[in-house]
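Architecture and fold: a report
Single-letter residue listing:
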Amino acid sequence: MDTTLRGVGVSHGVAIGEARHMGTAVLEPPAKQIAAEEAPREQQRARQAVEAVAADLVARGNLAGGEAQAVLEAQAMMAQDPELAADVERRIAVGSTAERAVYDAFAAYRALLAQAGDYLAGRVADLDDVRNRIVARLLGVPMPGVPDSDRPYVLIARDLAPADTALLDPALVLGFVTEEGGPTSHSAILARALGVPAVVALPGAGELAEGTVVAVDGSTGEVMVNPTGAEREELSRAAAERKAAVEGAKGPGATSDGHKVPLLANVGGPGDVPAAVEAGAEGVGLFRTEFLFLDDSERAPSEDKQVEAYRQVLEAFPEGRVVVRVLDAGADKPLSFLTPADEPNPALGVRGLRTLLDHPEVLQGQLRALAKAAEGLPVYLEVMAPMVADRADARAFADACREAGLNAKFGAMVEIPSAALRARSVLQEVEFLSLGTNDLAQYTFAADRQVGAVSRLQDPWQPALLDLVATAAEAAGAEGKSCGVCGEAASDPLLACVLTGLGVTSLSMGASAIPFVRAQLAKHTLAQCERAAAAARAADSGPDARAAAQAVLSGE
Ligand code: PEP
Ligand code: MG
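Here goes a summary of the coordinates provided. Please read all numbers here as calculations on a predicted model, not as lab measurements. (Residues numbered from 1 in each chain as written. Chains lettered and ligands numbered in written order. Predicted model: local features only at pLDDT ≥ 70, side-chain atom pairs only at ≥ 80, totals over all residues. Heavy atoms only, no water.)

Details of the site of ligand 1
In the region of ligand 1, 15 residues are neighbours, and Arg288, Glu415, Gly436, Asn438 and Arg449 sit closest. Interatomic distance of 3.3 Å between a backbone N/O atom of Gly436 and an oxygen atom of ligand 1. Between an oxygen atom of ligand 1 and a main-chain N or O atom of Asp439, the distance comes to 3.0 Å. Compared with its free state, where it exposes 290 Å², ligand 1 has 100% of that area covered by protein. Mapped onto the shell around ligand 1, the elements with two or more residues apiece are β10 (283-288) and α17 (437-445). Take the shell around ligand 1: its biggest share by element is three residues, from α17. Partitioned by chemical class, the residues of the shell around ligand 1 number four nonpolar, four polar and seven charged. (Near = heavy atom within 4 Å. Polar contact = N/O pair within 3.5 Å; in protein donor to acceptor, adjacent residues only side chain to side chain. Areas by Shrake-Rupley, 256 points an atom, 1.4 Å probe, with all protein chains shown as cover. Helix = DSSP H or I, 4+ residues; strand = E, 2+ residues; numbered from the N terminus. Nonpolar A, V, L, I, M, F, W, Y, C, P; charged D, E, K, R; others polar.)

In structure tokens form, the structure reads like this:
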């Protein structure tokens, strides 16, 4: 082995494979002059690159199907636009290289589109992507976006946004390594949803050479570069042992003395349901509906399309609980038709419920679709709002649910410290709370969840975060209402015991973590969990809190 790098392990298991980088934006090609006799050859190169990119986009469309196919086919047509082609040829004829001619011709076309009204202006991002692909091909550098590979690989990226990953083929991605991002970043969430090992916040990941063999241990956070055969075997054996140990446990979540803690799954759409059912999830504790909205950046999906997707998830859990979160757009999940483009600090701006209250038609459309989807099904539908700050927010959301005629429980996510501190007041308007510990940590520690450099503060073991969890859970207990956790904190088996000890009533996580959490909970009584929680809260740092809880739970 050459070396071992260390980051933060965020999704269990071991992946061994060749590193493939997520392509980054293409740099501007130099504006150098070519001799007149080189022009025909350059024009030929440009034509070939355009054709290859168009064919690749069509092939990707065929693979993706659905709305993604329509978008990719429209991009292929953009690439082959005859006016653009003529402009590229003309620019080469007067001395541009093929890559520079493509770059400049697209820039001119882009300026026209940007002025041509909302719909066409919205296509600018697609046009930029087409240009980047053609220029990358001409320069011989990796394509922007998801790697082109027909062999399984370990994906290396600076960070991953939900939109980057819409076209990721789960059959090809063995695991993730990202330079940025903390345990609550979307890379981590996506890795857990796909059930692949992942390490985030690994400085230097970007420098791993394309094609280098890496072994990613998503439990320890280690990434071995060029492991030897013996090292690979040892890693795979240890991972298989860990997996076998947890697969023994089955059934509903409970402590060893029978205190029930339903284990629910976090899903992004119907595609995540089979893994949730397979892991024995007792329902869905967080259905992140924004993934449905990512296909089209111009408008909300039609109500019919929403009904279909919601129904598929609801049908998978007859008699179970399904908690649907209404659209959480903004900040790390921007949607161009809803999210203001000019906010100085989007994480503190109009996002989550604030966006929906500014666009009541989108909220009503979603709630109506949910009401229709649940019609006639025996499921226990619960609907919750993201980013609730106070009682007024909770009331506005509950009013909107009533207006849509929704037959469901209405709840509030606790992601902003104010909502935790005033949980009793929020609970006057809604029937349950769900702690989004990812954002709750972000806002408690003023630490952007996307920035690897502050991942220490994103640690959900931080006692200040545990205090807020306890405050919300105690308020819910006093009101006789439930208070679950659906942030990534719930997927850490030891922390799951501590959360239980703090009074949390259900735990929702990426499906792949459920067996690990179930096995750990089943080892301890509720009283032991409560003692571990008290010990963790008495500590002064995240690592100390973890060590204190571990000592309590392993010493008894
Ligand atoms: C959270 O913030 O903890 C949460 C569950 O929501 P998301 O990660 O989608 O922002
Ligand atoms: Mg959140």
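A word on the environment of Cys483
Relative to the elements of secondary structure, Cys483 occurs in strand β15 (residues 482-485). Taking the C-alpha atoms as reference points, Cys483 and Ser434, separated by 49 residues in sequence, lie 5.4 Å from one another. Every residue in contact with Cys483, bar those within four places of it in the chain, is listed here: Leu433, Leu435, Ala472, Ala473, Ala476, Val504, Thr505 and Ser506. (Contact = heavy atoms within 4.5 Å.)

Section: the coordination of the magnesium ion (ligand 2)
For the magnesium ion (ligand 2), every protein donor is listed as Glu415 (OE) and Asp439 (OD), and the spread of their distances is 2.0 Å. Placement of Glu415 in the loop between β13 (409-414) and α15 (417-421) and of Asp439 in helix α17 is noted, with a sequence separation of 24 residues between them. Exposure class is identical for Glu415 and Asp439. Each is buried. (Donors = N, O, S within 2.8 Å, 3.2 Å for Na, K, Ca; no water. Buried < 20%, exposed > 50% of the residue type's maximum accessible area, 1.4 Å probe, protein only.)

Comments concerning the pairing of β15
Examined bridge by bridge, strand β14 (residues 432-435) and β15 share four bridges and lie parallel to one another. Counterpart to Leu433 in the pairing with β15 is Cys483. Relative to strand β16 (residues 506-509), β15 runs parallel, the two being bridged by two bridges. Counterpart to Val485 in the pairing with β16 is Leu507. Between the parallel pair β15 and β16, the chain is carried across by helix α19 (residues 493-501), and the sense of this crossover is right-handed. (Pairing = 2+ DSSP bridges. Right-handed = clockwise from strand over helix to strand, strands pointing away.)

Remarks on the packing of aromatic side chains
Taken as a whole and assessed by the stated rule, the structure comprises one aromatic pair. Relative to Tyr310, the ring of Phe287 has its centre 5.8 Å away and its plane inclined at 80 degrees; by these criteria the two rings are edge-to-face. Separated by 23 residues along the polypeptide, Phe287 in strand β10 and Tyr310 in helix α11 (residues 303-315) bring together distant segments of the chain. (Phe/Tyr/Trp six-rings, centres within 6.5 Å; stacked < 30°, edge-to-face > 60°.)

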